[in-house]
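Results of the structural survey
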Amino acid sequence: MCKAINIRVAGFGGQGVMMTGQLIAYCATHDNMFSLWVPSYGPETRGGTANCSVIVSTKTIASPVFANADVLIAFNLPSLTKYMNMVVDNGIILYNSSMIKDPVIKSGIKAYGIPVNDIAVNLGTIQVSNMAMLGAYMEFSGLFSDQTIEKVLEKFLGEKKAHLLGINKQAIQAGREAMIQVKE
Amino acid sequence: MAKQLMKGNEAIARAAMLGGLDAFFGYPITPQNEVPEYLSRYMLEEGKVFVQSESEVAAINMVYGAAAAGFRAMTSSSSPGIALKQEGITYLCGSELPCVICSVMRGGPGLGSIQPSQGDYNQATRGGGNGDYHVIVFAPETIQETIDIMKEAFDIADYYRNPVMILVDGLIGQMMESVDLTKPVKKRFLPEKDFATTGTNHHSRRNVVNSLYLESAELEAHNLALKKKYDKVIINDTRYELINMEDPDYVIVAFGTMSRVCRSAIETLAEKKIRVGIIRPISLWPFPNRAFETIDAPHLKGILVVEMNLGQMLTDVIVANNGKYPIGFYGRAGGVVPDPSDVVNAIGHFKDLVVK
């Protein structure tokens, strides 16, 4: 990796948007990379779209803000519509195909639909849909190993939520598998 | 030590504890709430003092009391809250009490917004308090630098017996970044706190902490002593960074988050064969006038000041530049954070941005 990767994660408040972004940043820090996470913390996050941006780099990070993302992770249609035009040429979009059907994507951008809500519901809880998306992104980017995300999740969940580690790991794995299928 | 991912506000709080914070007094306000939230838990765990006061005014006066008793005291707030603290700040300066004030800027004026801003440059460097006084103001650009300065801030405050302000915008407070809390910082020899009101068991004479001098000659002598101290700060603790300053076509002056945005912008500009350097003030008071004396650039077309306000540091740059080069200004306000492409465009339109 020679250049910083600018990632924008967006969705409804409650879909785990902030957590997804944070986990990417935690994983990068764990793997001795530089990472930076910026939330959108305005009043517009209540009930509306939530978004955050993450920068992952092997070098010191200069600007904490960027106009166009290399990667857009969209959990719902309003987010995809809002941020699709803020993706670089040759950029990629991962979208939640459980909620977004056959989106029109501008040319030059590769888009991958992952049915993260369906994956999560199949595992028994909709709450891990963001983890399925994280798994799909990990598979696509090849950025973080399973050991890295496991270590990060253990710390993130803490003792109180340690019992949720298993289901989160399952969702990540299912997201990885979905990405492999979509890529083919 | 390995790096960890930390939120700016929590890093400020942890670094303050590493810097020897004894007592924190604060009142909630976005976007700095994680500072008191973090301290409310960890200060008590370590048997230190944490008070959520009834108001900002109360908090700064509690800082006065704790500092007068010789403790390392701190408050933090955001723009309208810092406005309320101005009376306390001039009293702290008048009484020569060391303390640290953290200011996490949001949009203004008035209640403004909760989005990031650099609109309190003047509030921090000029202040709203009365009399001849200065607060030593540092404006870090990363969370790492915020930690490093915060860890040193109590030493600087104690050394000069003067308030030190850490001035960051809401973005630094709210974002998370990989940081190293163990990076060593400069240590200095600190005088005994013989002014502290610790009771006559500890000192024979009666210690009075006060900023009232009814005799004009006496007050003038006090003013001159303060002036001498401020001159010493200017000589010893003016801080700035020069970036890419070899024969630039343009020089950008920016602090805090904006200087990071400009770092990315000048990389893009370099690809377009436009050489741009950056003067990054780290101490806003004292302002690094001397950085401008070092400019040696035969091809320099001008200096562009970039701020998240409508031109506050600009005044200091105009003074420091002393009419030598054309000065342009690009600023956004109201909580808008310009991205690197905005700065690239601003350099492209420098002629239109020149301040008359």
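Residues numbered from 1 in each chain as written. Chains lettered and ligands numbered in written order. Predicted model: local features only at pLDDT ≥ 70, side-chain atom pairs only at ≥ 80, totals over all residues. Heavy atoms only, no water.

A word on the overall build of chain A
The test is simple: Helix numbers and strand numbers start at the N terminus; a helix is a DSSP run of H or I with at least 4 residues, a strand a run of E with at least 2. A radius of gyration in this sense is built from C-alpha atoms; the matching globule rule multiplies 2.2 Å by the number of residues raised to 0.38. All accessibility values rest on the Shrake-Rupley procedure with a 1.4 Å probe; residue burial counts only the protein chains present in the view. When charges are counted, neither His nor the chain ends are considered; positive counts come from Lys and Arg and negative counts from Asp and Glu. Here the site of a charge means atom NZ of a Lys, CZ of an Arg, CG of an Asp or CD of a Glu.
When helices and strands are tallied, chain A shows 6 helices and 6 strands. Helices and strands appear in chain A in the N-to-C order β-α-β-β-β-α-β-β-α-α-α-α. What you see for chain A is a C-alpha radius of gyration of 15 Å, in line with the 16 Å of a compact globule of 184 residues. Expressed along its principal axes, the backbone C-alpha trace of chain A runs to roughly 40 × 40 × 40 Å. Approximately 8300 Å² of chain A is accessible, and the part contributed by carbon and sulfur atoms is 53%. Taking the average place of the 15 positive charges on the side chains of chain A and the average place of its 13 negative ones, the gap between the two points comes to 7 Å.

A closer look at the domain arrangement of chain B
All names here are of chain B. Cut-off, in case you're wondering: An automatic or database domain assignment is the source of the domain bounds shown. Note on contacts: a residue pair is in contact if any heavy atoms of the two residues lie within 4.5 Å. A simple way to read buried area is as the amount of 1.4 Å-probe accessible surface that goes missing from two parts once joined, with both sides added.
Per the domain assignment, the segments making up chain B are domain 1 (4-237) and domain 2 (241-353). A C-alpha centroid distance of 28 Å is found between domain 1 and domain 2. Facing 34 residues of domain 1, the contacting portion of domain 2 comprises 28 residues. For the domain 1 and domain 2 pair, buried surface summed over both sides reaches about 2400 Å², with 52% attributable to carbon and sulfur atoms.

Points about the environment of alanine 171 of chain A
All names here are of chain A. We count it as follows: For the exposure calls, accessible area comes from a 1.4 Å probe over protein chains only, and a residue counts as buried if that area is under 20% of its type's maximum, exposed if over 50%, partly exposed in between.
Within the secondary structure layout, alanine 171 lies in helix α6 (residues 165-183). Residue classification places alanine 171 among the buried residues on the basis of a relative accessible area of 0%. When the C-alpha atoms of alanine 171 and valine 128 are compared, they prove to be 6.2 Å apart, with 43 residues separating the residues in sequence. Setting aside chain neighbours within four positions, we find alanine 171 in contact with Leu123, Val128, Met131 and Ala132.

Some details on the interface of chain B and chain A
We apply this condition: Salt bridges are counted wherever a side-chain nitrogen of Lys or Arg sits within 4 Å of a carboxyl oxygen of Asp or Glu. Counted as a polar contact is a pair of N or O atoms within 3.5 Å, where, for protein atoms, one must be capable of donating a hydrogen and the other of accepting one, and residues adjacent in sequence contribute only when both atoms are in side chains.
Taken residue by residue, the interface counts 24 residues in chain B and 22 residues in chain A. Of the roughly 1800 Å² buried between chain B and chain A on both sides combined, carbon and sulfur atoms contribute 65%. Of all residues in chain B, Leu5, Met176 and Arg260 of chain B give up the largest surface area on contact with chain A, accounting jointly for 31% of the area buried on that side. Applying the counting rule to chain B against chain A returns 0 salt bridges. At the junction of chain B with chain A, the criterion picks out 6 residue pairs in polar contact (both at pLDDT 80 or more). Mapped onto the side of chain B that touches chain A, the elements with two or more residues apiece are β1 (4-7), α8 (170-174), β8 (176-179), α10 (256-271) and α13 (340-348) of chain B. For the side of chain B that touches chain A, the element with the highest residue contribution is α10 of chain B, accounting for 5 residues.

Overview of the sheet that holds β1 of chain B
Stated precisely, the cut-off is as follows: For two strands to be treated as a pair, DSSP must find at least two bridges joining them. Angles shown run from 0 to 180 degrees and are taken between the N-to-C directions of axes, each axis being a line fitted to C-alpha atoms and, for helices, limited to the stretch in contact.
The 8 strands lie next to each other as β6(A)-β5(A)-β4(A)-β1(A)-β3(A)-β2(A)-β8(B)-β1(B), forming an open sheet whose pairing is mixed. Every other strand in the sheet has two partners, leaving β6 (110-114) of chain A together with β1 of chain B as the edge strands with one partner each. Going across the sheet, the axis of each strand differs from the next one's by a mean of 20°, ignoring polarity. Relative to β6 of chain A, strand β5 (residues 87-96) of chain A is paired through 5 bridges, and the arrangement is parallel. What sits directly across from isoleucine 93 of chain A, in β6 of chain A, is alanine 111 of chain A.

Quick look at the environment of alanine 265 of chain B
Residues and elements named next belong to chain B. Its location among the elements puts alanine 265 in helix α10. Residue class for alanine 265 comes out buried when judged on its relative accessible area of 0%. Placed 62 residues apart in sequence, alanine 265 and histidine 203 show a C-alpha to C-alpha distance of 57 Å. Setting aside residues up to four positions removed in sequence, alanine 265 forms contacts with Pro340, Val343 and Val344.

A short note on the side chain of threonine 238 of chain B
Residues and elements named next belong to chain B. Note that threonine 238 resides in the loop between α9 (216-237) and β9 (240-243). Of note is the side chain of threonine 238, whose polar atom sits 2.5 Å from the backbone oxygen of isoleucine 234. Beyond its immediate sequence surroundings of up to four residues, threonine 238 is in contact with Val233, Ser283, Pro286, Phe287, Pro288 and Arg290.

What to know about unusual backbone geometry
Residues and elements named next belong to chain B. Each neighbour pair has its own omega, and for glycine 108 with proline 109 the value is 0°, a cis peptide bond. With respect to the secondary-structure elements, proline 109 resides in the loop between β5 (99-105) and α6 (121-125). For the bond running from tryptophan 285 to proline 286, omega is 0°, close enough to zero to count as cis. Mapped onto the fold, proline 286 is located in the loop between β12 (283-285) and α11 (289-293). Even without being a glycine, asparagine 244 presents a positive backbone phi close to 55°. Along the chain, the position of asparagine 244 falls in the loop between β9 and β10 (250-253). The phi dihedral of aspartate 247 falls on the positive side, at around 50°, and the residue is not glycine. If you trace the backbone, aspartate 247 turns up in the loop between β9 and β10. For aspartate 247, a relative accessible area of 25% translates into the label partly exposed.

So, the nonpolar core
Selection rule: Here, the term nonpolar core denotes a set of buried Ala, Val, Leu, Ile, Met, Phe, Trp, Tyr and Cys residues that are joined through side-chain atoms within 4.5 Å.
Counting 119 residues, the largest nonpolar core has Met74, Met150, Ile252, Phe292 and Ile303 of chain B as the members making the most contacts within it. The greatest single-element share of this core, amounting to 9 residues, is contributed by helix α7 (residues 143-160) of chain B. Viewed by domain, this core spans two of them, domain 1 (4-237) and domain 2 (241-353) of chain B, each represented by three or more residues. Those residues in contact with methionine 150 of chain B, other than ones at most four positions away along the chain, are Ile12, Ala15, Ala16, Met74, Val100 and Ile166 of chain B. Of all hydrophobic cores here, the second largest spans 48 residues; its members include Ala120, Ala136, Met138 and Ile167 of chain A.

Let's talk about the side chain of serine 77 of chain B
All names here are of chain B. Considering the arrangement of structural elements, one finds serine 77 in strand β4 (residues 73-78). Residue class for serine 77 comes out buried when judged on its relative accessible area of 0%. Once residues lying within four places of it in the same chain are set aside, the contact partners of serine 77 are Ile29, Gln32, Glu56, Ile82, Lys85, Cys102, Ser103 and Val104.

Focus: the sheet that holds β9 of chain B
The strands that make up a sheet are held in pairs by hydrogen bonds between backbone atoms, and each pair lies either parallel or antiparallel. Residue and element names in this part refer to chain B. Spatially, 5 strands are ordered β9-β11-β10-β13-β14 in an open sheet, and the strand pairing comes out mixed. Every other strand in the sheet has two partners, leaving β9 and β14 (327-331) as the edge strands with one partner each. Each strand of the sheet is rotated relative to its neighbour by a mean of 20°, with strand direction disregarded. As judged from the 4 bridges shared by β10 and strand β11 (residues 276-281), these two strands associate in the parallel manner. In the sheet register, valine 251 faces β11, and the bridge partner there is glycine 277. Relative to β11, α10 is tilted by about 170°, and along the sheet it contacts β9, β10, β11 and β13 (302-307).

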